[in-house]
Amino acid sequence: MIKVSVIIPVYNSERFLRDCLESVMGQTLNEIEVICVDDGSTDTSEEILEEYAKRDRRILLLRQEHKGGGYARNLGIGAANGEYLSFLDSDDFFEPDMLEEIYLRCKSCNADIGVYGVQCYHEATGAENDEPSGLRKEFLPEKEIFSWKDIPDHIFNTFHNWPWNKLFRHDFVKRNKLRFQEIWRTNDLLFTAKALILAERIVAVDKPLIHYRIQTHGNCQSTNSLYPFSFYTAFKALKDFLKEYGIWNEVRCSYQNHALDGCIANLDSLEFGKSHRNLYEQLKTTIFDELELNTLKEEDVFSINKEKFKRMWKICDANYLDYVLDRADAYRKWCQNLQFSSYRSERMLERCIEEERAHKNQMSDQIQKLQQELDRLVNTKTFKAGRLIMYLPQKIYCGLIQRR
């Protein structure tokens, strides 16, 4: 009997694919099948997959034109035979007992979903740190088996909408006709969030079992500017589902905090330019209203979102150039302080920190130059708007902050 079907979308992952496959095929749980879906790769990923498929009969190789991870995962679901489903990414790697540990916990508790902890692996430095958003222990209920009804105010905030740190019962997925949205980015949000609502039995393993590789310069996060509104499509669909399911009022606070975080994080993920300005204007005129963030009360905002809440209203009240100036000034102050202990509070600054750790001396020179440019911007009233948008932010993002 196949206990777990592992589904891995693959697109131009040649740099990391062998590490991923080795860590999957070396799992202590042997009764698995590994469904690799080549999403029209143009590098040597397909050749690597063919090599591993010849070496291990547990690997099934599927191919499709380049349609994105959502389409690839759905193709994998259709071919899966396992009792449980695991959705992994081809640039990550895993603890040897990951599948066995979460499978045994799910089996012993008859769970629909099992969740486990995450560690970030920083490609630039090799450093690792725990990723709290994968499993926020402070929001977990004081019981081993639970559902959304036990944590209605935090169901979408206790676990990030990543599918790859979760195990899903196959029959549960089929029965509820769960599928990934076939959009280019954020295609996992609706699948995972709906599963968390529909599951009657959820369990958690408070242990990091997956290593999430960041700063790879080739994953879907590096294509944010091409599809800047995918996250909005996902959050809109989730809101519609919650209202149709009749539980909007019960989970509204959790949804709004999750959507607030998603809106600001996606804006921060873009380099200043056309896509950034377009998203800014859409947030201001449409998205905040459509996602009903304009009704979020200050007392309902989680502590980790207080700054994002202020920035939402800054976006609503300020024109774009004033907002850019405000963010540039925030960068300047941050570079002065270099407070590394709180770097997770601003996701967009993470790459700058890792670059500083790896190239400290070089970074000091860059920060000094950045300081001079920012001072010049702040003190020169006649500084042309075009250079404000295109020149300084490019220095901030392209020269200082490594993209994931």
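Residues numbered from 1 in each chain as written. Predicted model: local features only at pLDDT ≥ 70, side-chain atom pairs only at ≥ 80, totals over all residues. Heavy atoms only, no water.

1. Quick look at the overall build of the protein
Here is step 1 of the chain: Along its length, the protein carries 16 helices and nine strands.
Here is step 2 of the chain: The buried share among the 404 residues of the protein stands at 55%.
Here is step 3 of the chain: Residue pairs in contact within the protein that sit at least 24 positions apart in sequence constitute 78% of those at least 6 positions apart.
Here is step 4 of the chain: For the protein, the exposed area adds up to about 17,600 Å²; of that, 46% sits on carbon and sulfur atoms. (Helix = DSSP H or I, 4+ residues; strand = E, 2+ residues; numbered from the N terminus. Buried < 20%, exposed > 50% of the residue type's maximum accessible area, 1.4 Å probe, protein only. Contact = heavy atoms within 4.5 Å. Areas by Shrake-Rupley, 256 points an atom, 1.4 Å probe, with all protein chains shown as cover.)

2. Here's the deal with the pairing of strand S6 (residues 113-122)
Here is step 1 of the chain: Most of S6 is tucked away, with nine of its 10 residues classed as buried.
Here is step 2 of the chain: Where S6 and strand S8 (residues 166-169) come together, three bridges link them in antiparallel fashion. For isoleucine 113, the partnering residue across the bridge sits in S8 and is phenylalanine 168.
Here is step 3 of the chain: The pairing of S6 with strand S9 (residues 202-214) spans 10 bridges and is parallel. Residue pairing across strands places valine 115 opposite alanine 204, the latter belonging to S9.
Here is step 4 of the chain: Linking S6 back to strand S7 (residues 128-130) in an antiparallel pair, the connection comprises five residues, with glycine 126 at a positive phi of about 80 degrees. (Pairing = 2+ DSSP bridges.)

3. Considering unusual backbone geometry
Here is step 1 of the chain: Non-glycine residue asparagine 110 carries a positive phi angle of around 50 degrees.
Here is step 2 of the chain: Following the sequence through the fold, asparagine 110 ends up in the loop between helix H4 (98-109) and S6.
Here is step 3 of the chain: Asparagine 110 sits in the partly exposed class, given a relative accessible area of 43%.

4. What to know about the environment of tyrosine 121
Here is step 1 of the chain: Structurally, tyrosine 121 can be placed in strand S6.
Here is step 2 of the chain: Sequence spacing of tyrosine 121 and arginine 213 is 92 residues, and the spatial spacing of their C-alpha atoms is 4.7 Å.
Here is step 3 of the chain: Dropping the residues within four chain positions of it, tyrosine 121 is found in contact with Phe93, Gly126, Ala127, Glu128, Tyr212, Arg213 and Ile214.

5. Details of the packing of helix H7 (residues 189-198) against helix H8 (residues 230-245)
Here is step 1 of the chain: Contact geometry of H7 with H8 gives a least axis separation of 9 Å together with a crossing angle of 25 degrees. Here H7 lies roughly parallel to H8, going by the angle between them. The chirality of how H7 crosses H8 is right-handed. From H7, Leu189, Leu190, Ala193, Lys194, Ile197 and Leu198 reach across to H8, where they touch Ala234, Phe235, Ala237, Leu238, Phe241, Leu242 and Tyr245.
Here is step 2 of the chain: Taken together, the residues that form the contact of H7 with H8 break down as 12 nonpolar, no polar and one charged. (Axes fitted to C-alpha atoms, helices over the stretch in contact; angles between N-to-C directions. Parallel < 35°, antiparallel > 145°, perpendicular 65-115°, else oblique. Left-handed = near helix turned anticlockwise from the far one by under 90°. Nonpolar A, V, L, I, M, F, W, Y, C, P; charged D, E, K, R; others polar.)

6. A closer look at the pattern of salt bridges
Here is step 1 of the chain: Scanning all chains against the criterion turns up 25 salt bridges.
Here is step 2 of the chain: Glutamate 50 serves as the salt-bridge partner of arginine 63, at 2.8 Å between the closest nitrogen and oxygen. Within this pair, whereas arginine 63 is found in strand S3 (residues 59-64), its partner glutamate 50 is found in helix H2 (residues 45-55), the two being separated by 13 residues in sequence.
Here is step 3 of the chain: Take arginine 63: its relative accessible area is 45%, and that puts it in the partly exposed class.
Here is step 4 of the chain: The partner of lysine 137 in a salt bridge is aspartate 206, with the nearest N and O atoms 3.9 Å apart. Linking lysine 137 in the loop between S7 and helix H5 (155-158) with aspartate 206 in strand S9, this pair joins segments that are 69 residues apart in sequence.
Here is step 5 of the chain: The class of lysine 137 is exposed, set by a relative accessible area of 51%.
Here is step 6 of the chain: One continuous salt-bridge network, built from bridges that share partners, spans Arg15, Asp19, Glu123 and Arg213. (Salt bridge = Lys/Arg side-chain N within 4 Å of Asp/Glu carboxyl O.)

7. Quick notes on the packing of helix H9 (residues 248-268) against helix H10 (residues 274-290)
Here is step 1 of the chain: In contact at an axis separation of 10 Å, H9 and H10 are set at 160 degrees when each is read in the N-to-C sense. With respect to H10, the element H9 is oriented roughly antiparallel. Between H9 and H10 the crossing geometry is left-handed. Here Cys263, Asn266 and Leu267 of H9 lie close against H10, whose contacting residues are His276, Leu279, Tyr280, Leu283, Ile287 and Phe288.

8. Observations regarding the environment of leucine 178
Here is step 1 of the chain: Checked against the element boundaries, leucine 178 lands in the loop between helix H6 (170-175) and H7.
Here is step 2 of the chain: The class for leucine 178 is buried, based on a relative accessible area of 1%.
Here is step 3 of the chain: The spatial distance from the C-alpha of leucine 178 to the C-alpha of alanine 195 is 7.4 Å, given a sequence separation of 17 residues.

9. Re the state of the cysteines
Here is step 1 of the chain: Summed over all chains, the structure comprises zero disulfides.
Here is step 2 of the chain: A disulfide-free cysteine, cysteine 36 has its sulfur positioned 7.4 Å from the sulfur of cysteine 20, the nearest such atom.
Here is step 3 of the chain: Owing to a relative accessible area of 1%, cysteine 36 belongs among the buried residues under this scheme. (Disulfide = S-S within 2.5 Å.)

10. Details of the packing of aromatic side chains
Here is step 1 of the chain: What the rule picks out here adds up to 19 aromatic pairs.
Here is step 2 of the chain: When the centroid spacing of 5.8 Å and the interplanar angle of 50 degrees are considered together, the rings of phenylalanine 139 and phenylalanine 302 count as tilted. With phenylalanine 139 in the loop between S7 and H5 and phenylalanine 302 in the loop between H10 and helix H11 (306-317), the pair connects residues that are 163 residues apart, well separated along the chain. There is no split in this pair, since phenylalanine 139 and phenylalanine 302 are both buried.
Here is step 3 of the chain: Within the aromatic cluster, the residues linked to one another by ring pairs are Phe87, Phe168, Phe180 and Phe191.
Here is step 4 of the chain: Over the ring of phenylalanine 180 we find arginine 73, and its NZ or CZ is 5.1 Å from the ring centre.
Here is step 5 of the chain: Directly above the ring of tryptophan 248 sits lysine 243, whose terminal nitrogen or CZ lies 5.1 Å from the centroid. (Phe/Tyr/Trp six-rings, centres within 6.5 Å; stacked < 30°, edge-to-face > 60°. Lys NZ or Arg CZ within 6 Å of the ring centre and 35° of its normal.)

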